[in-house]
Amino acid sequence: RCVVVNLPVDSSNLSSLVLTATSSLGFVRLLRVLLLCLLIIQERYNYILWYVWFELMLPAQLKKIKPDIFLSTDGYLSLKSKVAQVIVMHDLAFEHFPDHVATSAKKFYQYYSPRYAAKAKRIATVSDFTKQDIVQRYHISAEKIDVVYNGSNETFRPVSAEEKQSVKLKYT
């Protein structure tokens, strides 16, 4: 028998945790308790799960795969991996607006982000402001940081006057 448990991980987003288990109903109840504990940990102690992934799981995978480079587009790196790493740091908003970030996440970011920036072979960021912010706050050489502006898909283009008029007529 297959049981699927779908529980929302966080009420502020639409992510969910799906678990498929085969066993008796007693086992399923146990799994629900374990999932509830995991959800509490995830909600209050995200940094523990981030640490486990980036410092334990990821280095093992990178060692196995042996890539030339690891590109992290979400601002995290592994401090333990010997693989060359490139990090994308979109901003340091948690430094400027600490009240807008959960305490556990803020502590994690404030502790690890400077270390990630130092460890990275290169840093990509989306603005000159963030580049200067990284240089000033984390004492990282500006030569190590590349500004790579956000882009858009080629399907996004200016709309002609005729297309504007057509949309206007259709929706007004």
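Just above, that's the structure.
Summary of the structure given here.

Description of the packing of aromatic side chains
Then, in step 1: Using the criterion set out here, one finds 10 aromatic pairs in the structure.
Then, in step 2: An angle of 75° between the planes, with centres 6.4 Å apart, marks the rings of Phe 108 and Tyr 109 as edge-to-face.
Then, in step 3: Taking relative accessible area as the criterion, Tyr 109 reaches 22% and is therefore assigned partly exposed.
Then, in step 4: Aromatic pair Tyr 111 and Tyr 112: ring centres 4.8 Å apart, planes at 80°, arrangement edge-to-face.
Then, in step 5: Three or more aromatic residues joined by ring pairs form one cluster here, namely Tyr 51, Phe 54, Tyr 76, Phe 94, Phe 108, Tyr 109, Tyr 111, Tyr 112 and Tyr 116.

Remarks on a nonpolar patch on the surface
Then, in step 1: A cluster of nonpolar side chains, Ile 48, Tyr 51, Val 52, Trp 53, Leu 56 and Met 57, forms an exposed patch at the surface whose accessible area comes to about 510 Å².
Then, in step 2: Note on placement: Leu 56 falls in helix α2 (residues 46–65).

As for the environment of Phe 70
Then, in step 1: Relative to the assigned elements, Phe 70 resides in strand β3 (residues 69–72).
Then, in step 2: It is 6.2 Å that separates the C-alpha atoms of Phe 70 and Val 86, two residues lying 16 residues apart in sequence.
Then, in step 3: Setting aside chain neighbours within four positions, we find Phe 70 in contact with Leu 58, Leu 62, Tyr 76, Leu 77, Val 83, Ala 84, Gln 85 and Val 86.

Reading the values: the criteria
- Residues numbered from 1 in each chain as written.
- Predicted model: local features only at pLDDT ≥ 70, side-chain atom pairs only at ≥ 80, totals over all residues.
- Heavy atoms only, no water.
- Phe/Tyr/Trp six-rings, centres within 6.5 Å; stacked < 30°, edge-to-face > 60°.
- Buried < 20%, exposed > 50% of the residue type's maximum accessible area, 1.4 Å probe, protein only.
- Patch = residues over 30% accessible without salt bridge, like charges linked within 9 Å, V, L, I, M, F, W, Y side chains within 5 Å.
- Areas by Shrake-Rupley, 256 points an atom, 1.4 Å probe, with all protein chains shown as cover.
- Salt bridge = Lys/Arg side-chain N within 4 Å of Asp/Glu carboxyl O.
- Helix = DSSP H or I, 4+ residues; strand = E, 2+ residues; numbered from the N terminus.
- Contact = heavy atoms within 4.5 Å.

Functional significance is not addressed by these values, which are geometric in nature.
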